[in-house]
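# Tertiary structure, described
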Amino acid sequence: MDELNASELGKLDYWENCYDKELNNFHNHGDPGEIWFGDDIVNRIIQWMEMSELVKKDSKLLDIGCGNGMFVVELANEGFTNLHGVDYSEKAVELAKAIANKQNLNIHFSTQNILDGLRDKFDIIHDKGTYDAISLSENALENRNVYINNVYDSLNNNGLFIITSCNWTESELIQQFKMKFESFHTIPTPQFKFGGKVGSVVSSCVFKRK
Ligand SMILES: C[S@@+](CC[C@H](N)C(=O)[O-])C[C@H]1O[C@@H](n2cnc3c(N)ncnc32)[C@H](O)[C@@H]1O
(Lines give C-alpha, C1' and ligand atoms only; values in the text may rest on other atoms or scores of the structure.)
Protein backbone atom coordinates (compact mmCIF):
# COMPACT_ATOMS: atom_id res chain seq x y z
CA MET A 1 0.00 0.00 0.00
CA ASP A 2 1.49 3.37 -1.00
CA GLU A 3 2.25 5.80 1.81
CA LEU A 4 0.94 9.37 1.60
CA ASN A 5 3.35 12.30 1.13
CA ALA A 6 4.40 13.80 4.47
CA SER A 7 2.79 17.18 5.20
CA GLU A 8 2.49 19.91 7.85
CA LEU A 9 -0.51 18.07 9.33
CA GLY A 10 1.87 15.37 10.52
CA LYS A 11 3.82 17.80 12.75
CA LEU A 12 3.20 18.87 16.36
CA ASP A 13 4.14 22.52 15.55
CA TYR A 14 1.28 22.74 13.09
CA TRP A 15 -1.30 21.60 15.67
CA GLU A 16 0.11 23.78 18.46
CA ASN A 17 -0.27 26.87 16.21
CA CYS A 18 -3.72 25.80 15.11
CA TYR A 19 -5.03 25.28 18.68
CA ASP A 20 -3.30 28.43 19.94
CA LYS A 21 -5.51 30.40 17.51
CA GLU A 22 -8.60 28.34 18.39
CA LEU A 23 -7.96 28.89 22.10
CA ASN A 24 -7.88 32.68 21.55
CA ASN A 25 -11.07 32.45 19.51
CA PHE A 26 -12.75 30.48 22.25
CA HIS A 27 -11.74 32.95 24.97
CA ASN A 28 -12.69 35.98 22.85
CA HIS A 29 -15.83 34.74 21.07
CA GLY A 30 -16.84 31.42 22.68
CA ASP A 31 -16.23 29.58 19.39
CA PRO A 32 -15.05 25.99 20.12
CA GLY A 33 -13.39 25.70 16.70
CA GLU A 34 -13.37 23.15 13.92
CA ILE A 35 -15.43 19.92 14.04
CA TRP A 36 -13.32 17.75 11.74
CA PHE A 37 -15.42 16.11 8.98
CA GLY A 38 -18.52 17.94 10.27
CA ASP A 39 -21.42 17.44 12.70
CA ASP A 40 -23.15 14.88 10.50
CA ILE A 41 -20.35 12.32 10.96
CA VAL A 42 -20.30 12.90 14.73
CA ASN A 43 -24.08 12.36 14.89
CA ARG A 44 -23.84 9.16 12.86
CA ILE A 45 -21.14 7.73 15.13
CA ILE A 46 -23.05 8.64 18.31
CA GLN A 47 -26.31 7.23 16.89
CA TRP A 48 -24.53 3.95 16.15
CA MET A 49 -23.02 3.86 19.65
CA GLU A 50 -26.42 4.45 21.24
CA MET A 51 -27.91 1.54 19.26
CA SER A 52 -25.05 -0.91 19.84
CA GLU A 53 -25.47 -3.52 22.56
CA LEU A 54 -21.70 -3.47 23.12
CA VAL A 55 -21.64 0.18 24.12
CA LYS A 56 -22.84 1.24 27.56
CA LYS A 57 -23.30 4.75 28.90
CA ASP A 58 -20.53 4.02 31.44
CA SER A 59 -18.14 2.31 28.99
CA LYS A 60 -14.67 3.74 29.52
CA LEU A 61 -14.03 5.65 26.32
CA LEU A 62 -10.91 7.39 25.04
CA ASP A 63 -10.81 9.87 22.16
CA ILE A 64 -7.28 9.80 20.68
CA GLY A 65 -6.14 13.15 19.27
CA CYS A 66 -9.23 14.75 20.75
CA GLY A 67 -8.38 18.28 19.56
CA ASN A 68 -11.00 20.64 21.03
CA GLY A 69 -12.68 17.63 22.66
CA MET A 70 -16.04 18.26 21.01
CA PHE A 71 -16.63 14.58 20.28
CA VAL A 72 -16.50 13.64 23.98
CA VAL A 73 -18.37 16.83 24.90
CA GLU A 74 -21.22 15.63 22.64
CA LEU A 75 -21.08 12.19 24.28
CA ALA A 76 -21.22 13.76 27.75
CA ASN A 77 -24.28 15.71 26.69
CA GLU A 78 -25.85 12.39 25.57
CA GLY A 79 -25.32 10.92 29.06
CA PHE A 80 -22.01 9.06 28.65
CA THR A 81 -20.17 9.16 31.97
CA ASN A 82 -16.65 7.70 31.64
CA LEU A 83 -14.99 9.92 29.07
CA HIS A 84 -11.32 10.61 28.40
CA GLY A 85 -9.45 12.54 25.73
CA VAL A 86 -5.75 12.75 24.89
CA ASP A 87 -3.86 14.87 22.43
CA TYR A 88 -0.14 15.46 21.96
CA SER A 89 -0.81 19.20 21.59
CA GLU A 90 -0.85 20.94 24.99
CA LYS A 91 -2.85 23.80 23.46
CA ALA A 92 -5.51 21.33 22.26
CA VAL A 93 -5.82 19.88 25.75
CA GLU A 94 -6.04 23.40 27.25
CA LEU A 95 -8.84 24.23 24.79
CA ALA A 96 -10.70 20.95 25.42
CA LYS A 97 -10.53 21.51 29.20
CA ALA A 98 -11.77 25.10 28.86
CA ILE A 99 -14.76 24.02 26.73
CA ALA A 100 -15.70 21.15 29.07
CA ASN A 101 -15.30 23.36 32.18
CA LYS A 102 -17.55 26.03 30.71
CA GLN A 103 -20.28 23.38 30.34
CA ASN A 104 -19.55 21.86 33.77
CA LEU A 105 -18.76 18.49 32.19
CA ASN A 106 -16.64 15.88 33.93
CA ILE A 107 -14.26 14.70 31.18
CA HIS A 108 -10.62 13.70 31.75
CA PHE A 109 -8.25 15.33 29.29
CA SER A 110 -4.47 14.90 29.27
CA THR A 111 -1.48 15.54 27.04
CA GLN A 112 -0.23 12.22 25.66
CA ASN A 113 1.36 11.08 22.43
CA ILE A 114 -0.29 7.88 21.22
CA LEU A 115 3.04 6.89 19.66
CA ASP A 116 4.60 6.77 23.17
CA GLY A 117 1.88 4.38 24.41
CA LEU A 118 -1.02 5.22 26.70
CA ARG A 119 -1.13 5.11 30.48
CA ASP A 120 -4.49 3.37 30.83
CA LYS A 121 -6.86 0.78 29.29
CA PHE A 122 -10.27 1.43 27.77
CA ASP A 123 -13.43 -0.33 26.56
CA ILE A 124 -13.75 1.91 23.53
CA ILE A 125 -11.13 3.92 21.66
CA HIS A 126 -12.28 6.52 19.14
CA ASP A 127 -10.22 8.36 16.53
CA LYS A 128 -11.44 11.00 14.10
CA GLY A 129 -8.63 12.38 11.96
CA THR A 130 -5.67 11.44 14.19
CA TYR A 131 -4.56 8.31 12.34
CA ASP A 132 -4.90 10.50 9.25
CA ALA A 133 -2.50 13.08 10.73
CA ILE A 134 -0.06 10.31 11.74
CA SER A 135 -0.27 8.94 8.19
CA LEU A 136 1.09 12.33 7.03
CA SER A 137 4.10 12.32 9.38
CA GLU A 138 7.71 11.52 8.47
CA ASN A 139 8.24 7.74 8.95
CA ALA A 140 4.49 7.25 8.50
CA LEU A 141 4.69 3.50 7.89
CA GLU A 142 6.59 2.91 11.13
CA ASN A 143 4.37 5.35 13.05
CA ARG A 144 1.19 3.71 11.75
CA ASN A 145 2.39 0.34 13.01
CA VAL A 146 3.29 1.77 16.42
CA TYR A 147 -0.15 3.42 16.53
CA ILE A 148 -1.95 0.13 15.72
CA ASN A 149 0.01 -1.78 18.41
CA ASN A 150 -0.54 0.93 21.02
CA VAL A 151 -4.29 1.11 20.38
CA TYR A 152 -4.42 -2.69 20.65
CA ASP A 153 -2.47 -2.67 23.95
CA SER A 154 -4.75 0.03 25.42
CA LEU A 155 -8.02 -1.76 24.68
CA ASN A 156 -9.62 -4.20 27.09
CA ASN A 157 -10.55 -7.66 25.74
CA ASN A 158 -13.38 -7.38 23.20
CA GLY A 159 -12.86 -3.61 23.21
CA LEU A 160 -14.05 -1.56 20.26
CA PHE A 161 -12.01 0.79 18.12
CA ILE A 162 -13.98 3.35 16.09
CA ILE A 163 -12.04 5.23 13.44
CA THR A 164 -13.02 7.89 10.92
CA SER A 165 -10.54 8.69 8.15
CA CYS A 166 -10.47 10.89 5.08
CA ASN A 167 -7.13 9.51 3.88
CA TRP A 168 -7.92 5.81 3.77
CA THR A 169 -10.89 3.90 2.38
CA GLU A 170 -12.82 1.32 4.39
CA SER A 171 -11.00 -1.55 2.66
CA GLU A 172 -7.59 0.07 3.22
CA LEU A 173 -8.36 0.51 6.93
CA ILE A 174 -9.51 -3.13 7.22
CA GLN A 175 -6.29 -4.23 5.51
CA GLN A 176 -4.08 -2.08 7.75
CA PHE A 177 -5.70 -3.13 11.05
CA LYS A 178 -6.42 -6.81 10.28
CA MET A 179 -3.48 -8.29 12.22
CA LYS A 180 -4.89 -7.00 15.52
CA PHE A 181 -8.54 -6.14 14.83
CA GLU A 182 -11.51 -7.73 13.12
CA SER A 183 -13.90 -5.56 11.14
CA PHE A 184 -17.15 -5.33 13.09
CA HIS A 185 -19.26 -2.65 11.42
CA THR A 186 -19.08 0.17 8.90
CA ILE A 187 -20.94 3.33 9.83
CA PRO A 188 -22.53 4.70 6.65
CA THR A 189 -21.09 8.07 5.64
CA PRO A 190 -22.43 10.56 3.06
CA GLN A 191 -21.81 9.39 -0.52
CA PHE A 192 -20.75 11.47 -3.50
CA LYS A 193 -21.13 10.64 -7.18
CA PHE A 194 -18.47 11.77 -9.62
CA GLY A 195 -17.88 10.63 -13.19
CA GLY A 196 -20.34 7.77 -12.73
CA LYS A 197 -18.48 6.45 -9.68
CA VAL A 198 -19.98 6.46 -6.20
CA GLY A 199 -17.69 6.93 -3.21
CA SER A 200 -17.39 8.37 0.29
CA VAL A 201 -15.38 11.40 1.34
CA VAL A 202 -14.69 9.75 4.69
CA SER A 203 -14.79 6.20 6.03
CA SER A 204 -16.05 5.35 9.51
CA CYS A 205 -15.21 1.82 10.67
CA VAL A 206 -15.77 -0.08 13.89
CA PHE A 207 -13.22 -2.77 14.76
CA LYS A 208 -13.20 -5.35 17.54
CA ARG A 209 -9.93 -6.18 19.30
CA LYS A 210 -8.85 -9.75 18.36
C1 LIG B 1 -7.45 16.28 12.19
S2 LIG B 1 -7.25 16.71 13.88
C3 LIG B 1 -8.68 15.93 14.57
C4 LIG B 1 -9.04 16.47 15.92
C5 LIG B 1 -10.27 15.82 16.56
N6 LIG B 1 -10.14 14.37 16.64
C7 LIG B 1 -11.54 16.16 15.81
O8 LIG B 1 -12.15 15.26 15.21
O9 LIG B 1 -11.92 17.34 15.79
C10 LIG B 1 -5.92 15.59 14.36
C11 LIG B 1 -5.58 15.64 15.84
O12 LIG B 1 -4.63 14.63 16.14
C13 LIG B 1 -3.70 15.13 17.08
N14 LIG B 1 -2.51 14.26 16.97
C15 LIG B 1 -1.72 14.07 15.88
N16 LIG B 1 -0.75 13.19 16.15
C17 LIG B 1 -0.93 12.78 17.43
C18 LIG B 1 -0.25 11.86 18.29
N19 LIG B 1 0.84 11.22 17.86
N20 LIG B 1 -0.73 11.66 19.54
C21 LIG B 1 -1.81 12.35 19.99
N22 LIG B 1 -2.49 13.24 19.23
C23 LIG B 1 -2.06 13.45 17.96
C24 LIG B 1 -3.51 16.57 16.64
O25 LIG B 1 -2.96 17.39 17.63
C26 LIG B 1 -4.95 16.95 16.29
O27 LIG B 1 -5.64 17.40 17.42
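Rules and cut-offs
Residues numbered from 1 in each chain as written. Predicted model: local features only at pLDDT ≥ 70, side-chain atom pairs only at ≥ 80, totals over all residues. Heavy atoms only, no water. Pairing = 2+ DSSP bridges. Helix = DSSP H or I, 4+ residues; strand = E, 2+ residues; numbered from the N terminus. Axes fitted to C-alpha atoms, helices over the stretch in contact; angles between N-to-C directions. Expected span 1.5 Å × (residues − 1). Buried < 20%, exposed > 50% of the residue type's maximum accessible area, 1.4 Å probe, protein only. Arc of directions from axis to C-beta. Core = buried A, V, L, I, M, F, W, Y, C linked by side-chain atoms within 4.5 Å. Parallel < 35°, antiparallel > 145°, perpendicular 65-115°, else oblique. Left-handed = near helix turned anticlockwise from the far one by under 90°. Contact = heavy atoms within 4.5 Å. Nonpolar A, V, L, I, M, F, W, Y, C, P; charged D, E, K, R; others polar. Near = heavy atom within 4 Å. Polar contact = N/O pair within 3.5 Å; in protein donor to acceptor, adjacent residues only side chain to side chain. Areas by Shrake-Rupley, 256 points an atom, 1.4 Å probe, with all protein chains shown as cover. Salt bridge = Lys/Arg side-chain N within 4 Å of Asp/Glu carboxyl O.

Moving on to the sheet that holds strand β6 (residues 181–187). With mixed pairing, the 7 strands of this open sheet are ordered in space as β3-β2-β1-β4-β5-β9-β6. Edge positions in the sheet fall to β3 (108–111) and β6, since each has one partner strand and no second. Between one strand and the next, the sheet's axes are offset by a mean angle of 20°, whatever the strand orientation.

We now examine helix α1 (residues 12–29). With 18 residues, α1 should cover 26 Å at 1.5 Å per step; its first-to-last C-alpha distance of 25 Å lies within 8% of that length. Turning to α1, its buried residues are Trp-15, Cys-18, Tyr-19, Glu-22, Leu-23 and Phe-26. Around the axis of α1, the buried residues are gathered within 140° of arc, so they sit on the same side. Within α1, the exposed residues directed more than 90 degrees away from the buried face are Asp-13, Lys-21, His-27 and Asn-28. Where α1 terminates, the next one or two residues include Gly-30, which has phi positive at roughly 75°.

Trp-48, Met-49, Leu-75, Leu-83, Ile-107, Phe-109 and Ile-162 are the most contacted members of the largest nonpolar core, which has 39 residues in total. Residue assignment for this core shows that the elements contributing at least two residues are α1, α2 (39–51), α3 (70–77), α4 (90–102) and β5 (155–165). If you tally residues by element for this core, the top one is α4, at 7 residues.

Below, the discussion takes up the packing of α1 against α4. At their nearest, the axes of α1 and α4 sit 8 Å apart, and the two run at 25° to each other. Taken as axis vectors, α1 and α4 run roughly parallel relative to one another. The two elements α1 and α4 cross, and the hand of that crossing is left-handed. Of the residues in α4, those touching α1 at Glu-16, Tyr-19, Asp-20, Glu-22, Leu-23, Phe-26 and His-27 are Glu-90, Lys-91, Ala-92, Glu-94, Leu-95, Ala-98, Ile-99 and Lys-102. Split into classes, the residues belonging to the contact of α1 with α4 amount to 7 nonpolar, 1 polar and 7 charged.

Now for the site of the ligand. Neighbouring the ligand are 17 residues, the closest being Tyr-19, Gly-65, Asp-87, Asn-113 and Lys-128. Interatomic distance of 2.7 Å between a side-chain N/O atom of Tyr-19 and an oxygen atom of the ligand. With respect to the ligand, the backbone of Tyr-88 contributes an N or O atom lying 3.2 Å from a nitrogen atom. Calculation on the ligand without its partners gives an accessible area of 600 Å², and the protein chains cover 97% of this total. For the shell around the ligand, the elements supplying multiple residues, two or more each, are α1 and α5 (130–134).

Direction vectors running N to C along α2 and α3 enclose 45°, while the axes themselves pass 11 Å from each other. It follows that α2 is oblique to α3 by the angle criterion. The two elements α2 and α3 cross, and the hand of that crossing is right-handed. Side by side, α2 and α3 meet where Val-42, Ile-45, Ile-46 and Met-49 of the first sit next to Phe-71, Glu-74 and Leu-75 of the second. When grouped by side-chain class, the residues that make up the contact of α2 with α3 number 6 nonpolar, no polar and 1 charged.

Using the criterion set out here, one finds 7 salt bridges in the structure. The salt bridge involving Glu-3 is made with Arg-144; its shortest N-O contact spans 2.5 Å. One end of the pair, Glu-3, is in the segment before α1; the other, Arg-144, is in helix α6 (residues 140–153), and 141 residues separate them in sequence. With a relative accessible area of 4%, Arg-144 lands in the buried category. Among the ionic pairs, Asp-120 bridges to Lys-60, the shortest N-O distance being 2.9 Å. Here Asp-120, found in the loop between β3 and β4 (122–128), pairs with Lys-60, found in the loop between α2 and β1 (61–64); they are 60 residues apart in sequence, far enough to count as distant. Given the relative accessible area of 35%, Asp-120 is considered partly exposed. Salt bridges sharing common partners tie together Asp-20, Lys-91 and Glu-94.

Honestly, it's all geometry; don't read function into it.
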